[in-house]
Amino acid sequence: DGGITQSPKYLFRKEGQNVTLSCEQNLNHDAMYWYRQDPGQGLRLIYYSQIVNDFQKGDIAEGYSVSREKKESFPLTVTSAQKNPTAFYLCASSDPGQGAGGELFFGEGSRLTVL
Amino acid sequence: GEDVEQSLFLSVREGDSSVINCTYTDSSSTYLYWYKQEPGAGLQLLTYIFSNMDMKQDQRLTVLLNKKDKHLSLRIADTQTGDSAIYFCAESWDSNYQLIWGAGTKLIIKP
């Protein structure tokens, strides 16, 4: 079955540590995205990538970094510079040439808690 | 700037219809979407409507679009306990298909 896999589902981090969240897709989608979700707020875009070896900052990129070395993979690193990293992180992918103007397919999310 | 607004909560009785509302500000939107998020999970596309349409119906779901008032609604007929979720409204307005998201409406089903 095609889909997006995020890992880990739950992650605890001490202050000052970097953590990397994994996102893998087998949908053959060119575009991939990382969103942050906080209670009572809409999804906020962290980074997105429209093609391998290219990515752009979203609305809240400070304190985060990404790479896109392979089409299938778009890992997100939450660095110690991110002041309030506790949140639910969602990875998504899309193929803008298909379907509803680029329907987003989401992973199950990763919940990061900073202790 | 672009903004999408939704009420944060809606409570309905099982079997009644639920109507979730959304307002948006960008009149150049191309597509408007409704996504559903069940607890602890990612989002799934529920339905969408082109900006040149007024209504779309899909089984228990009816989407109404009022372009003049920039108002989008999602009606769920015969609401069931499995409809309990957060419903997000989103619009796309540029060629990169970047979405602008509402804060989500939590649908609570009363027995």
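See the structure shown above.
Note that the structure is a prediction, hence the values are computed from the model and not measured. (Residues numbered from 1 in each chain as written. Chains lettered and ligands numbered in written order. Predicted model: local features only at pLDDT ≥ 70, side-chain atom pairs only at ≥ 80, totals over all residues. Heavy atoms only, no water.)

A.B. asks: How do you make sense of the layout of surface pockets when you look at a structure like this?
C.D. replies: Over the atoms a probe the size of a water molecule is rolled, and this reveals where empty space is left. Considered as a void within the structure, the largest pocket measures approximately 480 Å³ in volume. If you go around the largest pocket, you meet 22 residues; those closest to its centre are Gln37, Pro39 and Gly40 of chain A together with Gln37 and Ile86 of chain B. At the level of secondary structure, the elements contributing two or more residues to the lining of the largest pocket comprise strand S9 (87–94) of chain A together with strand S9 (85–92) and strand S11 (105–110) of chain B. Element by element, the count of residues in the lining of the largest pocket is highest for S9 of chain B, at three residues. Grouping the constituent residues of the lining of the largest pocket by class yields eleven nonpolar, seven polar and four charged. (1 Å grid on protein atoms, 1.4 Å probe; cavity = no way out; pocket = protein on both sides within 12 Å on 5 of 7 lines; lining within 4 Å. Points joined across faces, edges and corners; volume = space filled by probe spheres on them. Helix = DSSP H or I, 4+ residues; strand = E, 2+ residues; numbered from the N terminus. Nonpolar A, V, L, I, M, F, W, Y, C, P; charged D, E, K, R; others polar.)

A.B. asks: Help me understand the state of the cysteines in this model?
C.D. replies: Two cysteines, two sulfur atoms, one covalent bond between them: this is a disulfide. Counted under the stated rule, the structure contains two disulfides over all chains. Here cysteine 23 of chain A pairs with cysteine 91 of chain A through a disulfide, and the sulfurs are 1.9 Å apart. Where cysteine 23 of chain A bonds to cysteine 91 of chain A through sulfur, the torsion about that S-S bond is close to -75 degrees, and the disulfide is left-handed. Taken together, the residues span a long stretch of sequence, with cysteine 23 of chain A in strand S3 (residues 19–25) and cysteine 91 of chain A in strand S9 at a distance of 68 residues. Across the pair, cysteine 91 of chain A and cysteine 23 of chain A agree in class, each one buried. One disulfide in the model links cysteine 22 of chain B with cysteine 89 of chain B; its S-S distance is 2.0 Å. As the torsion about the S-S bond is roughly -65 degrees, the cysteine 22 of chain B-cysteine 89 of chain B disulfide counts as left-handed. (Disulfide = S-S within 2.5 Å. Buried < 20%, exposed > 50% of the residue type's maximum accessible area, 1.4 Å probe, protein only.)

A.B. asks: Sorry, what's going on with the sheet that holds strand S8 (residues 76–78) of chain A here?
C.D. replies: As a general point, the strands of a sheet are linked pairwise by backbone hydrogen bonds and lie either parallel or antiparallel. Residues and elements named next belong to chain A. Read from one edge of the open sheet, four strands run S1-S3-S8-S7, paired in antiparallel fashion. Either end of the sheet is taken by a strand with one partner, and the two such strands are strand S1 (4–7) and strand S7 (64–66). Within the sheet, the average angular offset between the axes of one strand and its neighbour, ignoring direction, is 20 degrees. (Pairing = 2+ DSSP bridges. Axes fitted to C-alpha atoms, helices over the stretch in contact; angles between N-to-C directions.)

A.B. asks: How do you make sense of the side chain of histidine 29 of chain A when you look at a structure like this?
C.D. replies: Secondary-structure assignment places histidine 29 of chain A in the loop between S3 and strand S4 (31–37). Once residues within four sequence positions are removed from consideration, histidine 29 of chain A is found in contact with Arg68, Lys71, Ser93, Ser94, Asp95 and Phe105 of chain A. (Contact = heavy atoms within 4.5 Å.)

A.B. asks: Is there a simple way to explain the nonpolar core in this structure?
C.D. replies: Nonpolar side chains in soluble globular proteins generally cluster together in the buried interior. All names here are of chain B. Residues Trp34, Leu72, Leu74 and Tyr87 are the most contacted members of the largest nonpolar core, which totals 20 residues. When contributions to this core are tallied by element, the ones reaching two or more residues are strand S3 (18–24), strand S4 (31–37), strand S7 (61–66), strand S8 (71–76), S9 and S11. Ignoring anything within four residues of it in the chain, the contact list for leucine 74 reads Ser18, Val19, Ile20, Trp34, Leu46, Thr47, Leu61, Thr62, Val63 and Tyr87. (Core = buried A, V, L, I, M, F, W, Y, C linked by side-chain atoms within 4.5 Å.)

A.B. asks: Just to check I follow, could you spell out the pattern of salt bridges for this structure?
C.D. replies: If charged atoms from side chains of opposite charge come close, those side chains can pair. Inspection of the entire model under this criterion finds seven salt bridges over all chains. A salt bridge links aspartate 38 of chain A to arginine 36 of chain A, with the shortest nitrogen-to-oxygen separation between them at 2.8 Å. Both residues of the pair, aspartate 38 of chain A and arginine 36 of chain A, count as buried. The residue aspartate 69 of chain B makes a salt bridge to lysine 68 of chain B at a minimum N-O spacing of 3.7 Å. Residue classification places lysine 68 of chain B among the exposed positions, given a relative accessible area of 74%. Beyond isolated ion pairs, a larger network of salt bridges with shared partners links Arg36, Asp38 and Arg44 of chain A. (Salt bridge = Lys/Arg side-chain N within 4 Å of Asp/Glu carboxyl O.)

A.B. asks: Which parts of the structure should I look at to understand the packing of aromatic side chains?
C.D. replies: Geometrically, a pair of aromatic rings is defined through the distance of the ring centres and the angle of the planes. All told, the structure shown has 16 aromatic pairs over all chains when counted by the stated rule. Between phenylalanine 106 of chain A and tyrosine 35 of chain B the ring centres are 5.9 Å apart and the planes differ by 85 degrees, which places this aromatic pair in the edge-to-face class. Residue phenylalanine 106 of chain A is located in strand S10 (residues 105–106), and its partner tyrosine 35 of chain B is located in strand S4; the two belong to separate chains. Assessed through its relative accessible area of 11%, phenylalanine 106 of chain A is described here as buried. Judged by its relative accessible area of 0%, tyrosine 35 of chain B falls in the buried class. Ring pairing ties together the aromatic residues Tyr33, Tyr35, Tyr48 and Phe106 of chain A together with Tyr31, Tyr33, Tyr35, Tyr48, Phe50, Phe88 and Trp101 of chain B, which thus form one cluster. It is arginine 68 of chain A that lies over the ring of phenylalanine 74 of chain A; its NZ or CZ is 6.0 Å from the centre. (Phe/Tyr/Trp six-rings, centres within 6.5 Å; stacked < 30°, edge-to-face > 60°. Lys NZ or Arg CZ within 6 Å of the ring centre and 35° of its normal.)

It is worth stressing that arrangement in space is one thing and function is another; only the former is reported here.
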